[in-house]
Amino acid sequence: VLDENGEPIEGCLIAVRGDTRELAIVTDASGMFSVGIRRGSQHITVNCEKHQIYQKEEFPVQVPETGTIEQTFTVHRK
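Basis of the calculations
- Residues numbered from 1 in each chain as written.
- Predicted model: local features only at pLDDT ≥ 70, side-chain atom pairs only at ≥ 80, totals over all residues.
- Heavy atoms only, no water.
- Disulfide = S-S within 2.5 Å.
- Helix = DSSP H or I, 4+ residues; strand = E, 2+ residues; numbered from the N terminus.
- Buried < 20%, exposed > 50% of the residue type's maximum accessible area, 1.4 Å probe, protein only.
- 1 Å grid on protein atoms, 1.4 Å probe; cavity = no way out; pocket = protein on both sides within 12 Å on 5 of 7 lines; lining within 4 Å.
- Points joined across faces, edges and corners; volume = space filled by probe spheres on them.
- Nonpolar A, V, L, I, M, F, W, Y, C, P; charged D, E, K, R; others polar.
- Pairing = 2+ DSSP bridges.
- Lys, Arg positive; Asp, Glu negative; His and termini not counted.
- Salt bridge = Lys/Arg side-chain N within 4 Å of Asp/Glu carboxyl O.
- Contact = heavy atoms within 4.5 Å.

*Asks:* I would appreciate a short explanation of the state of the cysteines in the present structure.
*Replies:* By definition, a disulfide links the sulfur atoms of two cysteine residues through a covalent bond. Under the criterion given, the structure shown has one disulfide. The side chain of Cys12 participates in a disulfide bridge whose partner is Cys48; the two sulfur atoms lie 2.0 Å from each other. Residues Cys12 and Cys48 share a disulfide whose torsion about the S-S bond is about 100°; that sign makes it right-handed. Here Cys12 is found in the segment before strand S1 (13-16), whereas its partner Cys48 is found in the loop between strand S3 (40-47) and strand S4 (57-63), with 36 residues between them in sequence. In this structure, Cys12 and Cys48 share a single accessibility class: buried.

*Asks:* Looking at this structure, I do not really get the layout of surface pockets. What am I missing?
*Replies:* Rolled over the atoms, a probe sized like a water molecule indicates the empty space that remains. Space inside the largest pocket adds up to approximately 590 Å³. Surrounding the largest pocket, 23 residues form its lining, Phe33, Ser34, Ile69, Glu70 and Gln71 being those nearest its centre. The class makeup of the residues in the lining of the largest pocket is twelve nonpolar, eight polar and three charged.

*Asks:* Can you walk me through the sheet that holds S1 in this structure?
*Replies:* Working definition: the strands of a sheet are paired by backbone hydrogen bonds and lie parallel or antiparallel to each other. Here four strands make up an open sheet; going across it, the order is S2-S1-S3-S4 and the pairing antiparallel. At either margin of the open sheet sits one strand with a lone partner, and together these are strand S2 (25-26) and S4. Note: S3 against S4, seven bridges, orientation antiparallel. Note that in S4 the partner of Gln42 across the bridge is Val61.

*Asks:* Hey, could you run me through the side chain of Glu57 in this one?
*Replies:* When you line up the elements, Glu57 lands in strand S4. Despite its burial, Glu57 pairs with no opposite charge, the nearest such side chain being Arg77 at 11 Å. Ignoring anything within four residues of it in the chain, the contact list for Glu57 reads Ile44, Thr45, Val46, Thr74, Val75 and His76.

*Asks:* Help me understand the pairing of S1 in this model?
*Replies:* Looking along a regular strand, one sees side chains alternate from face to face of the sheet. Residue alternation in S1 divides its side chains into a buried set, Ile14 and Val16, and an unburied set, Leu13 and Ala15. Across four bridges, S1 lies against S3 in antiparallel orientation. Residue pairing in the sheet places Ile14 in a bridge with Val46 of S3.

*Asks:* Is there a simple way to think about the environment of Phe33 in this case?
*Replies:* As for its placement among the helices and strands, Phe33 is situated in the loop between S2 and S3. On the basis of relative accessibility, which here comes to 24%, the residue Phe33 falls in the partly exposed class. The spatial distance from the C-alpha of Phe33 to the C-alpha of Asp19 is 16 Å, given a sequence separation of 14 residues. In this structure, Phe33 is in contact with Val1, Ile14, Ile25, Val26, Thr27, Ile44 and Phe73, ignoring residues within four places of it in sequence.

Next comes the structure, spelled out in structure tokens:
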């Protein structure tokens, strides 16, 4: 997870729409996170509320049938 200037954001909460598991997924100092999600079309919510300057945003993700996916999410200021 990066800000508009390409800088990583630590401490953002990550959620997967429709996932009922109570997971504590938080970005690390490099803005990175890892989560196991179902294959196919998914939506990831990134909430950097801790910083109080970024919007909560949702991003569509297409998870492939095999392997892993790596994707950059850019959040914007309020």
